[in-house]
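Spelled out from the first residue to the last, the chains are:
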Amino acid sequence: MFALLDLLRRGNLHRTRVEAFSDGVFAIIVTLLILEIKVPHLAHGSAAELLHGLRVLVPKFLSWAISFIVVSKFWVNHSYIFSLARCCSYAAMWINALFLMAQAFIPFPTALLGEYPYNPVAVSFFGIVMVVNTLLFVWLHSYINDNLLRDASHYVPKRTLLGRSLVGPICYALGAALAWVSVWAAFAVYLLTPLFFVVPLQPNHGLAVAEGVVDEHEHTVSAASAVPSHR
């Protein structure tokens, strides 16, 4: 067991292959999301019939929009954390693969939510899937933060990382619970939660120095070097 863990920590693999594969999976996911929305079939082709058909599709449009925003949020944050990594280990590749597997599942609960928007089981199931996705992403972020950073100044203290990152799973779990009280309240939570993560979590250099991750002198030098010269 310990030998396997040691093996997973190894690997000085280039990030480009992992990033390219991940971007491809994200692109396929957002494409599959819209493919779940079909053009309404009209028996007579009248304007009133088409308007009715479009009104019926409103829940599907809403579930598509929520999932697109959520997947885009994951993609932005995923791109950021990999930009901080100096390389990729086997463990990071497998954690990333598990995360992408969960992401690839998102079109199914999205279609379920759009098809049965008033069914608490469908609405709650969507939230549970998002909880799993977010926890896997937190695991990936935490692993890179602890083991693969190319610059210690990018380190985010564990308390800060977990405190901010767990907002997502808690909110999605809240939405899953609210589905049994009001499906529209759950929809609102699902739609608003990604707004907490529009910008990726940035490092706090002061806390990193306090925790001994970054040397204070090193931090002072790096901060001074970031100031543009006016000569």
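Note that the structure is predicted; figures quoted are calculated from it, not measured. (Residues numbered from 1 in each chain as written. Predicted model: local features only at pLDDT ≥ 70, side-chain atom pairs only at ≥ 80, totals over all residues. Heavy atoms only, no water.)

Peer 1: Any chance you could break down the packing of aromatic side chains for me, citing the residues and the numbers?
Peer 2: Scanning the model with the defined rule gives 12 aromatic pairs in all. With a centroid separation of 6.0 Å and 45° between ring planes, the pair formed by W64 and F68 is classed as tilted. With W64 and F68 both in helix α4 (residues 58-83) and four residues apart, this pair spans about one turn of that helix. Taking relative accessible area as the criterion, W64 reaches 28% and is therefore assigned partly exposed. Residue placement shows K73 over the ring face of F74; its charged tip is 3.6 Å from the ring centre. (Phe/Tyr/Trp six-rings, centres within 6.5 Å; stacked < 30°, edge-to-face > 60°. Helix = DSSP H or I, 4+ residues; strand = E, 2+ residues; numbered from the N terminus. Buried < 20%, exposed > 50% of the residue type's maximum accessible area, 1.4 Å probe, protein only. Lys NZ or Arg CZ within 6 Å of the ring centre and 35° of its normal.)

Peer 1: I'd like to hear about helix α5 (residues 90-104), residue by residue, with values.
Peer 2: Between its first and last C-alpha, α5 extends 21 Å over 15 residues, near the 21 Å set by a 1.5 Å rise per residue. Every buried residue belonging to α5 is among A91, A92, I95, N96, F99, L100, A102 and Q103, and all of these are buried. (Expected span 1.5 Å × (residues − 1).)

Peer 1: Summarise the confidence of the model for the protein chain; cite the residues concerned and give the values.
Peer 2: Within the protein chain, residue pLDDT values average 83, and 82% of them lie at 70 or more. Here residues 216-231 is modelled with pLDDT under 50, and outside its nearest four sequence neighbours on either side it reaches four contacts, counting other chains as well. (pLDDT = per-residue confidence, 0-100. Contact = heavy atoms within 4.5 Å.)

Peer 1: Please provide a residue-by-residue account of the side chain of T110, values included.
Peer 2: Among the structural elements, T110 can be located in helix α6 (residues 107-115). Judged by its relative accessible area of 3%, T110 is buried.

Peer 1: So what about the nonpolar core? Which residues, and what values?
Peer 2: Grouped together as the largest cluster of nonpolar side chains are 43 residues, with contacts concentrated most on F99, V123, I144 and Y190. Mapped onto this core, the elements with two or more residues apiece are α2 (15-35), α4, α5, α7 (120-147), α9 (167-178) and α10 (183-192). Looking at which element gives the most residues to this core, the answer is α7, with nine residues. Not counting residues up to four positions away in its chain, the partners in contact with F99 are F26, F74, H78, N133, L136, F137 and L140. (Core = buried A, V, L, I, M, F, W, Y, C linked by side-chain atoms within 4.5 Å.)

Peer 1: Help me get a handle on the packing of α4 against α7, residues and values and all.
Peer 2: Where α4 contacts α7, the two axes come as close as 10 Å, and the packing angle between them is 5°. Relative to α7, the element α4 is oriented roughly parallel. Counted together, I66, S67, V70, F74, N77, H78, I81 and F82 of α4 and F126, M130, N133, T134, F137, L140, H141 and I144 of α7 form the full contact between these two elements. Looking at the contact of α4 with α7 residue by residue, the classes come out as 10 nonpolar, six polar and no charged. (Axes fitted to C-alpha atoms, helices over the stretch in contact; angles between N-to-C directions. Parallel < 35°, antiparallel > 145°, perpendicular 65-115°, else oblique. Nonpolar A, V, L, I, M, F, W, Y, C, P; charged D, E, K, R; others polar.)

Peer 1: So, a nonpolar patch on the surface: which residues are in play, and what are the values?
Peer 2: The grouping of I69, L191, L192, L195, V198 and V199 at the surface amounts to a nonpolar patch, some 530 Å² of accessible area in total. Mapped onto the secondary structure, V198 falls in the loop between α10 and α11 (205-210). (Patch = residues over 30% accessible without salt bridge, like charges linked within 9 Å, V, L, I, M, F, W, Y side chains within 5 Å. Areas by Shrake-Rupley, 256 points an atom, 1.4 Å probe, with all protein chains shown as cover. Salt bridge = Lys/Arg side-chain N within 4 Å of Asp/Glu carboxyl O.)

Peer 1: Account for the packing of α2 against α5, naming residues and giving values.
Peer 2: Across the interface, α2 lies against α5 with an axial gap of 10 Å and an inter-helix angle of 5°. With respect to α5, the element α2 is oriented roughly parallel. On the side of α2, the interface is formed by V18, F21, S22, V25, F26 and I29, while α5 contributes M93, N96, F99, L100, Q103 and A104.

Peer 1: Pulling in residues and values, what's your account of the pattern of salt bridges?
Peer 2: Taken as a whole and judged by the stated rule, the model has three salt bridges. A salt bridge links R15 to E19; the nearest nitrogen and oxygen atoms lie 3.7 Å apart. Separated by four residues within a single helix, R15 and E19 lie in helix α2, roughly one turn from each other. We classify R15 as partly exposed; its relative accessible area is 23%. Two residues, E115 and K60, come together in a salt bridge whose shortest N-O distance is 3.0 Å. Here E115, found in helix α6, pairs with K60, found in helix α4; they are 55 residues apart in sequence, far enough to count as distant.

Peer 1: Summarise the state of the cysteines; cite the residues concerned and give the values.
Peer 2: Scanning the model with the defined rule gives zero disulfides in all. C88 provides the cysteine sulfur closest to C87, a residue in no disulfide bond, and the two sulfurs are 7.2 Å apart. Overall, the relative accessible area of 6% leaves C87 in the buried class. (Disulfide = S-S within 2.5 Å.)

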